[in-house]
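# Residue-level structural notes
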Amino acid sequence: MMLKAEPLTRAAFAPFGDVIDCGGDNHYTINEGYAERYHDLAKVDVGAEGGRPLISIFRAKPREMPLRIRMMERHPLSSQAFIPLLPRAFLVVVARPGQAPTAANLRCFRTLGQQGVNYAPGTWHHPLIVLEDEQNFLIVDRGGPGENCDEVRLTEDISVAG
């Protein structure tokens, strides 16, 4: 099965979390007119079981296409945000929280390059799928006690292409 990448929009991605970008109406001018604040773009949810917010940078390498989707992961105790530091598109493969995903409930989104994503707690997702050159991402997620990463291997033949 070949997953078709669809455009990343707030409405289409809502069941999985938040799209982080400068679109929408929630912005205003600050700093004497020298900056525009795009406000409250994602719900950071990291407090379960004494968690605390972490800010990290991940450096991801491009993957060969088509890419076989062999595993998915989720973070049951927290959200996890990925914000690209360069304007390059990447793919996002997700499934709703709950039982382990199957081919029938996976969706693939292609970002516009300046968009990030914030996975809601428990949302199944594939690790970063960078399409072009090596890319850095600012990550906002959870540190602290408790098991916060579940992985599942997929046995179905599922692929994506950029």
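Report follows, based on the coordinates. Remember, predicted model here, so these are calculated numbers, not experimental data. (Residues numbered from 1 in each chain as written. Predicted model: local features only at pLDDT ≥ 70, side-chain atom pairs only at ≥ 80, totals over all residues. Heavy atoms only, no water.)

We now examine the overall build of the chain. Secondary structure summary: the chain contains one helix and 17 strands in total. The C-alpha atoms of the chain give 16 Å as radius of gyration, which agrees with the globular expectation for 162 residues (15 Å, within 12%). Dimensions of the chain, computed from C-alpha atoms along their principal axes, come out at roughly 55 × 35 × 30 Å. Here the chain holds 162 residues, and the buried ones make up 41% of them. (Helix = DSSP H or I, 4+ residues; strand = E, 2+ residues; numbered from the N terminus. Rg over C-alpha atoms; globule rule 2.2 N^0.38 Å. Buried < 20%, exposed > 50% of the residue type's maximum accessible area, 1.4 Å probe, protein only.)

This part covers the sheet that holds strand E3 (residues 17-20). Sheet architecture is open: five strands sit in the order E3-E12-E9-E15-E6, paired in antiparallel fashion. Each end of this open sheet is capped by a strand with a single partner; those strands are E3 and strand E6 (52-60). The average undirected angle you get between the axes of adjacent strands in this sheet is 15°. Inspection of the sheet shows E6 paired to strand E15 (residues 135-143) by nine bridges, in the antiparallel sense. Bridge pairing links Arg59 to Asn136 in E15. (Pairing = 2+ DSSP bridges. Axes fitted to C-alpha atoms, helices over the stretch in contact; angles between N-to-C directions.)

Looking at where Ile57 falls in the secondary structure, it is placed in strand E6. Overall, the relative accessible area of 56% leaves Ile57 in the exposed class. Taking C-alpha positions, Ile57 is 5.8 Å from Ile139, a pair spaced 82 residues apart along the chain. Aside from chain neighbours lying at most four places away, what touches Ile57 is Leu85, Asn136, Phe137 and Leu138. (Contact = heavy atoms within 4.5 Å.)

Here we take up the state of the cysteines. Under the criterion given, the structure shown has zero disulfides. Summary of cysteine pairing: Cys108 is not part of a disulfide, and the nearest cysteine sulfur, belonging to Cys149, is at 20 Å. (Disulfide = S-S within 2.5 Å.)

Let's shift gears to the pattern of salt bridges. Counted by the stated rule, this structure contains five salt bridges. For the salt bridge of Arg10 with Asp21, the shortest nitrogen-to-oxygen distance reads 2.5 Å. You can see Arg10 sitting in helix H1 (residues 10-13) and its partner Asp21 sitting in the loop between E3 and strand E4 (27-30), a full eleven residues away along the chain. By relative accessible area, Arg10 is classed as partly exposed at 38%. For Asp21, a relative accessible area of 15% puts it in the buried group. Among the ionic pairs, Asp157 bridges to Arg68, the shortest N-O distance being 3.4 Å. Here Arg68 lies in strand E7 (residues 67-68) and Asp157 lies in the loop between strand E16 (150-153) and strand E17 (159-160), a separation of 89 residues in the sequence. Judged by relative accessible area, which is 28%, Arg68 ranks as partly exposed. (Salt bridge = Lys/Arg side-chain N within 4 Å of Asp/Glu carboxyl O.)

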